[in-house]
Amino acid sequence: MGFFDKLKQGLSKTRNNFTEKIDNLLKFTRKVDEETLEELEEVLISADVGVNVTQKLMESLREHVKSSRIRSTEDLKAALKEEIKGLFPQQKMSLQPPCILLVVGVNGVGKTTSIGKLAHNFKNRGYKVIMAAGDTFRAAAAEQLDVWGQRSGVDVIRHQEGSDPASVLFDAIQAGKSRRADIIICDTAGRLHTKKNLMEELRKLYRVCQKEYPDAQLLSLMVLDATTGQNALAQARIFKEAVDISGIVLTKLDGTARGGIAIAIAQELNIPVWFIGVGEGIDDLQDFNPDEFVDAIL
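Residues numbered from 1 in each chain as written. Predicted model: local features only at pLDDT ≥ 70, side-chain atom pairs only at ≥ 80, totals over all residues. Heavy atoms only, no water.

(A) Focus on the side chain of S114. Locating S114 in the fold gives a position in helix 6 (residues 111-124). Residue classification places S114 among the buried positions, given a relative accessible area of 4%. Ignoring sequence-local partners within four residues, the contact set of S114 consists of V223, V249, T251 and L285. (Helix = DSSP H or I, 4+ residues; strand = E, 2+ residues; numbered from the N terminus. Buried < 20%, exposed > 50% of the residue type's maximum accessible area, 1.4 Å probe, protein only. Contact = heavy atoms within 4.5 Å.)

(B) Highlighting the packing of helix 10 (residues 231-242) against helix 11 (residues 261-269). Two numbers describe how helix 10 lies on helix 11: the axes approach to 10 Å, and their chain directions differ by 35°. Viewed along their axes, helix 10 and helix 11 form a crossing whose handedness is right-handed. Contacts between helix 10 and helix 11 involve A232, L233, A236, R237 and K240 from the first element and I261, A264, I265, E268 and L269 from the second. Residues belonging to the contact of helix 10 with helix 11 are distributed by class as follows: seven nonpolar, no polar and three charged. (Axes fitted to C-alpha atoms, helices over the stretch in contact; angles between N-to-C directions. Left-handed = near helix turned anticlockwise from the far one by under 90°. Nonpolar A, V, L, I, M, F, W, Y, C, P; charged D, E, K, R; others polar.)

(C) Up close: the sheet that holds strand 1 (residues 99-104). Pairing is mixed across the open sheet formed by eight strands, whose spatial order is 3-2-4-1-5-6-7-8. Two strands bound the open sheet, and with one partner strand each, they are strand 3 (155-157) and strand 8 (285-287). Taken pair by pair, the neighbouring strands of this sheet meet at an average axis angle of 25°, ignoring direction. Here strand 1 pairs with strand 4 (residues 183-187) via five bridges, running parallel. When the bridges of strand 4 are listed, I100 appears paired with I184. Lying over the sheet, helix 6 contacts strand 1, strand 2 (129-132), strand 4, strand 5 (217-225), strand 6 (247-251), strand 7 (273-277) and strand 8, oriented at roughly 170° with respect to strand 4. Each of strand 1 and strand 5 touches helix 10; the most contacted strand, strand 5, lies at about 155° to it. (Pairing = 2+ DSSP bridges.)

(D) The pattern of salt bridges, seen in detail. On inspection of all chains with the given rule, the structure shows 16 salt bridges. Between R138 and D135 there is a salt bridge, with its nearest N and O atoms 3.7 Å apart. The exposure class of R138 is partly exposed, given its relative accessible area of 30%. Given a relative accessible area of 3%, D135 falls into the buried group. Within this structure, K81, E82, K85 and D295 form a network of salt bridges that share partners. (Salt bridge = Lys/Arg side-chain N within 4 Å of Asp/Glu carboxyl O.)

(E) Just the UniProt feature "domain: SRP54-type proteins GTP-binding" (unreviewed entry) in the protein, in detail. The UniProt record marks residues 272-285 with the feature "domain: SRP54-type proteins GTP-binding" (unreviewed entry), using the residue numbering of this structure. The straight-line gap between the two end C-alpha atoms of residues 272-285 is 16 Å; of that span, 0% is helix and 43% is strand. (UniProt positions renumbered as here; feature names shortened; annotations may be inferred.)

(F) Representation of the environment of Q217 in the model. Inspection of the secondary structure assignment puts Q217 in strand 5. With a relative accessible area of 16%, Q217 lands in the buried category. It is 6.3 Å that separates the C-alpha atoms of Q217 and Q96, two residues lying 121 residues apart in sequence. Among residues more than four places away in sequence, those in contact with Q217 are S94, L95, Q96, P98, C99 and I100. A distance of 2.8 Å separates a polar side-chain atom of Q217 from the backbone oxygen of S94. (Polar contact = N/O pair within 3.5 Å; in protein donor to acceptor, adjacent residues only side chain to side chain.)

(G) Just the nonpolar core, in detail. In terms of nonpolar packing, the biggest core is built from 109 residues, with F18, I185, L250 and F293 touching the most fellow members. Beyond its immediate chain neighbours, meaning those up to four positions away, L250 contacts L224, A226, I261, A262, I265, V273, F275, I276 and G277. (Core = buried A, V, L, I, M, F, W, Y, C linked by side-chain atoms within 4.5 Å.)

(H) Unusual backbone geometry, seen in detail. Put simply, P97 and P98 share a cis peptide bond, and its omega is 0°. Tracing the backbone shows P98 in the loop between helix 5 (73-85) and strand 1. One non-glycine residue, R180, lies in the positive phi region at around 55°. Counting through the fold element by element, R180 comes out in the loop between helix 8 (165-178) and strand 4. The residue N270 is not glycine, and still its phi comes out positive at about 55°.

(I) Layout of the pairing of strand 7. With five of its five residues buried, strand 7 lies for the most part within the structure. With three bridges joining them, strand 7 and strand 8 adopt antiparallel strand pairing. Bridge pairing in strand 8 links G277 to L285.

Pasting the structure below:
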């Protein structure tokens, strides 16, 4: 199965929520009028695109309908696809080794699993990768990363549970330099209930990277769980206060009908989605392509 087919399969719940509602709306519509557009607006909001983004999208779509004199529902659907594609920032991930990837996000979003899959992905592209077990607070986080390291043949730098995450990252940077690693991927804790301490810890890790490896490209990847819908937006805003988020990894898209959140994240935060997870397998975390995503849900 090619990745687009896998993407379509993984996004089936979102497509059913999104496309079926739109198709049902347009099936009984003979002409495109204001009532049609208002009902379409309701469908988009219910698919977790979000109120603000939906309003912006509909404003553009109404202009499109007017300027192009769209009358048929097929043309309306095609115009909607183009408008949605235009909402995504077109900034692709550009790796410039040596590179440090600081991976952030709350507990339970699939952060450690995503790091393991990213390491596998980058190694398959020919990069030399090291993983740093910087989440020293969650029980078994380092062991989980070790398992991913063994599966993908990537070294893991770890300390004892409860150690200072900054010291783990320091050692990983030294190991990365001596082993001539292209990419150092660092796991981080995600304890949002101690928000102030967590944000201070992330800033500290950021400073360690800048101080110990000033020549390295420093990127922050935020992992978000698509099943949480609009709550993912709130999480991203909190983390954005602490570190400059370079890109998003959106996980568990195969388990939700809320795939429209990808549109809301890209537009409301102006942060590009770089990777999406559409399955449990080691190869199921893939580069995000906005055009393929929109084609798969519409």
